[in-house]
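# A structural walkthrough
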Amino acid sequence: MADAAFARRLLLEVFAAALRATEGRAVVGQALVARPLDGPVWICAIGKAAQSMVLGVCDALGPRVVGGLLITKPGHLHPPALAGLGIESLIGGHPLPDAGSLAAGRRLIVALGALPSQAEVLFLLSGGASSLVEVPIAGLGLADLQRMNQWLLGSGLPIDAVNRVRKSVSRIKGGGLLSELGGRPARVLAISDVPGDDPGVIGSGLLVPEVGLAEAIARLDLPTWLSDWVERGLTEGGPLPRRGPRVELVATLETAKSAAAEAGRRAGVAVRVDAQPVEGDAALAGRRLARAVLAGPGGLSIAGGETTLRLPGAPGRGGRNQHLALAAAIELAGHADVALLSAGTDGTDGPTDDAGALVDGTTLERVRDAGLDAEQGLRGADSGTLLEASGDLIRTGPTGTNVMDLILGWRG
C-alpha cells in the first residue's frame, strides 16, 4: 500500500502535468502552427496568462509581430522576458479593478484607434481580464466600481452571473470593445477559465455581444444601490455589432483533466475522471469530494470546476480552494493513505499568493496541534491561516495559464 508521502508526491506531479499541458506559451504556439497567420501581426493580450501567451505568439511568428499591448496582474509580468519585442505592458488590478485597470482601459482604446494599417489584430484572452481592464459607464467612479466588484465576489453568485453584472456597467465588456475596432477583422485565442467554456463569459466577453443581458440580470437578487447602477448602464449602452470574431479555445479544464489522467496512468495507478463540473458551495463540495474518495476504489480521482464562497463581513485569509480543502480535511480526518488536492490552475486562490492546498488524513490533527479549530476556520473564511499552520498550502507562483480549479483525490 502506498504511503502518505507517495500520495502527496503523486498529486503534486499530476497537478504539474496539467499545468504544463495548458501553459499559454505552449498552447498558443501550437494553435499558430496548426493555423498560421500571414503578414504582420499586432497583439492585444489581456489576462493572468497574457505574458505566456504573448511569448507563444513571438515563438511562432518572430519578426512578424509588429507591436502590441499586454495587460496583466501584479506578479504575472517579467519585463526581461519581453525585452525587445515591442510590446507595451501594463498592470491592472485583480481581483478588484484599480486605477491601473482604468488606465489600461483608456490606453487600450487609444491603441486600437492607432493600429498599424497592414497588421492583423490578434487578441489573447485569459482569466482575470474582467478586472484587469475597464472603461466604466459615465459617472461610475473607481470607488463605486470596487464596491460593486467586492460585493459580487463575496455574493456566492456563479461567475457567469457576476460577469453579466460587470458587462452592464462597462463600455468595453459584453462586446463593447468591438466598437473600437471599427469593423476591422481580428483573430481571438482564449484560455477558458469559466464553466462551460462560454466565450461570452471569458473576460466578460470583450468581443462577444450578448443578447438578453437585461432579462438575465433581472433574475438576480441584487442590492438596490447595485441595481441602480445596472439600470443606468443598460440604459446608456448603445447598439452593438450583431456578432464578433470566432473565439478559438486553446486550453480548457478538459485539457488539464486529460493531461492529469495521462500523468496518472504513466505513474501506473488506476485513474477515474469525474465528467461533472464541481460547482456550488466550496465547503459542501469539499465534503462531498472527500466522501467520494473514501467510498470509491483505490487510485487517482480527477475533477475540476469552480465553486463559490459566500464571505462573512470580515473574512480571514484564503480562497475557495483552501476553503474546499479544509472542509475535505474534516471528512478525511483519521483515515490512512488518503489525500486531496484542490488548487487554482493560475497559481492563485482568492486574494492570496497560494494556489490552494493538499490535505490528508492527518491534516486536522496538525490544525488542532496548532491550537486552531477547523469548523471555526470555515465559518470565518480563514482556511488559509489553518492550512498554513498544518503545512498544507500549495504555492506555485504564476503558472501562465488559468483553466479554473483542479481537484485531485487519492486513496491507496
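Details of the structure are given in the entry above.
Anyway, here's the lowdown on the structure attached to this text. Just so it is clear, the structure is predicted and the values come from calculations on it, not from any experiment.

It is worth spelling out the nonpolar core at this point. Nonpolar side chains tend toward joint burial in soluble globular proteins. With 53 residues, the main nonpolar core has Ile43, Val54, Val57, Leu124 and Leu408 as its most contacted residues. Residue contributions to this core peak at 8 residues, all from helix 1 (residues 4–22). Other than its neighbours up to four places away in sequence, Val57 contacts Val28, Leu32, Ile43, Gly62, Val65, Leu122 and Leu124. Grouped together as the second largest cluster of nonpolar side chains are 31 residues, Ile71, Leu115, Leu132 and Val188 included.

Once that is clear, we can look at the pattern of salt bridges. Close approach of charged atoms lets side chains of opposite charge pair. Enumeration over the complete set of coordinates arrives at 24 salt bridges. With a shortest N-O distance of 3.7 Å, Arg164 and Asp160 are connected by a salt bridge. Linking Arg164 with Asp160, this pair stays in helix 8 (residues 159–168), spanning 4 residues, or about one helical turn. Owing to a relative accessible area of 25%, Arg164 belongs among the partly exposed residues under this scheme.

The N-to-C vectors of helix 7 (residues 142–153) and helix 8 enclose an angle of 165 degrees; their axes lie 10 Å apart at closest approach. Compared by their axis directions, helix 7 and helix 8 come out roughly antiparallel. Helix 7 and helix 8 meet at a crossing whose hand is right-handed. Contact with helix 7, carried on its side by Asn149, Leu152 and Leu153, involves Val162, Val165 and Arg166 of helix 8 and no other residues of that element. For the contact of helix 7 with helix 8, the residue count by class is 4 nonpolar, 1 polar and 1 charged.

Cut-offs used in this document
- Residues numbered from 1 in each chain as written.
- Predicted model: local features only at pLDDT ≥ 70, side-chain atom pairs only at ≥ 80, totals over all residues.
- Heavy atoms only, no water.
- Core = buried A, V, L, I, M, F, W, Y, C linked by side-chain atoms within 4.5 Å.
- Buried < 20%, exposed > 50% of the residue type's maximum accessible area, 1.4 Å probe, protein only.
- Helix = DSSP H or I, 4+ residues; strand = E, 2+ residues; numbered from the N terminus.
- Contact = heavy atoms within 4.5 Å.
- Salt bridge = Lys/Arg side-chain N within 4 Å of Asp/Glu carboxyl O.
- Axes fitted to C-alpha atoms, helices over the stretch in contact; angles between N-to-C directions.
- Parallel < 35°, antiparallel > 145°, perpendicular 65-115°, else oblique.
- Left-handed = near helix turned anticlockwise from the far one by under 90°.
- Nonpolar A, V, L, I, M, F, W, Y, C, P; charged D, E, K, R; others polar.

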